[in-house]
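Inside the fold
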Amino acid sequence: QGEEVIATYVSCSFKEILKMKQKNDSDVKVLSHLNNDYTWEDLEKCSQIVAKDLFDMGVKKGSHVGICSANSANWIITFLAVQKLGAIACLLNFNYNEKEIADVSEVGDITHFCYGDIATMKDKEEFISNIKAASNSKITDFYDIRSSIVFKERICEYDSLEGLFDVKVESDDACVMIYTSGSTGKPKGVVINHRAVTACAAWYIRDLKLDVTRKELHHPSFSFDASTMDIIYPLAAGGAVHILSEEQRKDIGFITEYIKNNGITGMNLSTAMGMAILNNAELALDFVMMGGEKMLPVRKTDTRIINGYGPTEFTVCSCYHIVNQDTDVDIPIGRPVPNSYSVICDSYGNLMPAGIAGELCLAGDQISD
């Protein structure tokens, strides 16, 4: 059954996976943010309305659409709308200032910019004006997705829009563009196709056992890793996503109470935050996935602790290891995720013997174009 799931997912675009979820689980609650709950039917209707707005602004298949916001329900709705149109969602860090946004728009040829809760935006009109005035900005149109806007209030518009945007999206088509610089230098655009994203969602289903009974708490305010691991994959796999506000996510006490009161079954965290939560609270979580830095031993727990490892270009995670707290002293990066391959080579591509350092070379469905 697990292999059948993977085979199905990697042959579909993200748009097709969403259609399947909306058809089979329309009344299942899959998203919670700022005391607003959304079913698949709600997400279908809201994203169709946003898709129409973006279409009227000139967004079409292949357009580069920037999404810049702290993660929110509107971030997700806008991402889904972009997928419906066959456009490419360019995910920007909400800590960027006007100059950085203009710079990234030039790198990624971003023509449409969806702005949400941006940390550096103090005055909306001035912020937008500064981006427009930048000589290197490629952005021609702006769309407001701040959390103060509730798209559910426009659901009455859906009936006239149902069935629109039937553009065919293939699994090899580009899905998202992300920006990575390692830890230094200017951001570089990395294009990820639909197969890479859906293959990772299939991994969530097969190995992490994520389904409609699972609820994952989204903690980080932004990063591509967090957005995909905490939002895109669980949604595609069928689980529910809970998103905290900026203030809530800084309070470990609030987080632990929220987990207990809302039946949260899993979290994806930075290693430091994950260890802090596991060491400070007894939680009935099914799994906690951590990554980004070396993992140290934590207090004994029944929660599955998963160490994730991988570059952005491999759709975030290339290897994972389910920690055995009885035997693991040094936590390894683990085994390759499904439908991927990892080898250690020298600089000429020759395989290195076991135990000898070299370059990690990766291949598989999750690799970027």
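Residues numbered from 1 in each chain as written. Predicted model: local features only at pLDDT ≥ 70, side-chain atom pairs only at ≥ 80, totals over all residues. Heavy atoms only, no water.

Secondary structure summary: the chain contains 10 helices and 17 strands in total. A compact globule built from 369 residues would reach a C-alpha radius of gyration of about 21 Å, and the chain, at 20 Å, matches this within 12%. Each of the three principal axes of the chain carries a C-alpha extent, and together these read 55 × 50 × 40 Å. Evaluated residue by residue, the chain yields a buried proportion of 53% over its 369 residues. Nonlocal contacts in the chain, meaning residues at least 24 apart in sequence, comprise 63% of its contacts between residues at least 6 apart. In the form shown here, the chain has an accessible surface area of approximately 16,000 Å², with 49% of it arising from carbon and sulfur atoms. Considering the chain, the positive charge centre built from 34 side chains and the negative charge centre built from 51 side chains are found 1 Å apart. (Helix = DSSP H or I, 4+ residues; strand = E, 2+ residues; numbered from the N terminus. Rg over C-alpha atoms; globule rule 2.2 N^0.38 Å. Buried < 20%, exposed > 50% of the residue type's maximum accessible area, 1.4 Å probe, protein only. Contact = heavy atoms within 4.5 Å. Areas by Shrake-Rupley, 256 points an atom, 1.4 Å probe, with all protein chains shown as cover. Lys, Arg positive; Asp, Glu negative; His and termini not counted. Charge placed at Lys NZ, Arg CZ, Asp CG, Glu CD.)

If you look at the biggest cluster of nonpolar residues, it comprises 41 residues, and the most contacted ones within it are L31, L43, L54, I67 and F79. It is helix α4 (residues 73-84) that contributes the most residues to this core, eight residues altogether. With 22 residues, the next largest nonpolar core counts A281, L283, V298 and I331 among its residues. (Core = buried A, V, L, I, M, F, W, Y, C linked by side-chain atoms within 4.5 Å.)

This paragraph deals with the side chain of T198. Along the chain, T198 falls in helix α7 (residues 194-206). A polar contact of 3.3 Å, which involves the side chain of T198, links it to the backbone oxygen of R195. Those residues in contact with T198 that lie beyond four places of it in its chain are Y9, V10, C12, S13, F14 and I17. (Polar contact = N/O pair within 3.5 Å; in protein donor to acceptor, adjacent residues only side chain to side chain.)

Phi at N35 is positive, roughly 65°, even though this residue is not glycine. Tracing the sequence through the fold places N35 in the loop between β1 (29-33) and β2 (36-39). Residue N35 is classed as exposed on the basis of its relative accessible area of 79%. For F165, which is not glycine, the phi torsion reads 65° and is therefore positive. Take F165: it is sitting in the loop between β6 (141-144) and β7 (174-180). Judged by relative accessible area, which is 14%, F165 ranks as buried.

Time to look at the pattern of salt bridges. Overall, the coordinates contain 17 salt bridges when judged by the stated rule. Taking the shortest distance from any N to any O, the salt bridge between D56 and K52 comes out at 2.8 Å. Here D56 pairs with K52, and both are found in helix α3 (residues 40-56), just four residues apart, close to one helical turn. Of the residues examined, K52 reaches a relative accessible area of 25% and is grouped as partly exposed. With a shortest N-O distance of 3.2 Å, K61 and D173 are connected by a salt bridge. Linking K61 in the loop between α3 and β3 (64-68) with D173 in the loop between β6 and β7, this pair joins segments that are 112 residues apart in sequence. (Salt bridge = Lys/Arg side-chain N within 4 Å of Asp/Glu carboxyl O.)

Purely spatial values, then, with no claim about function.
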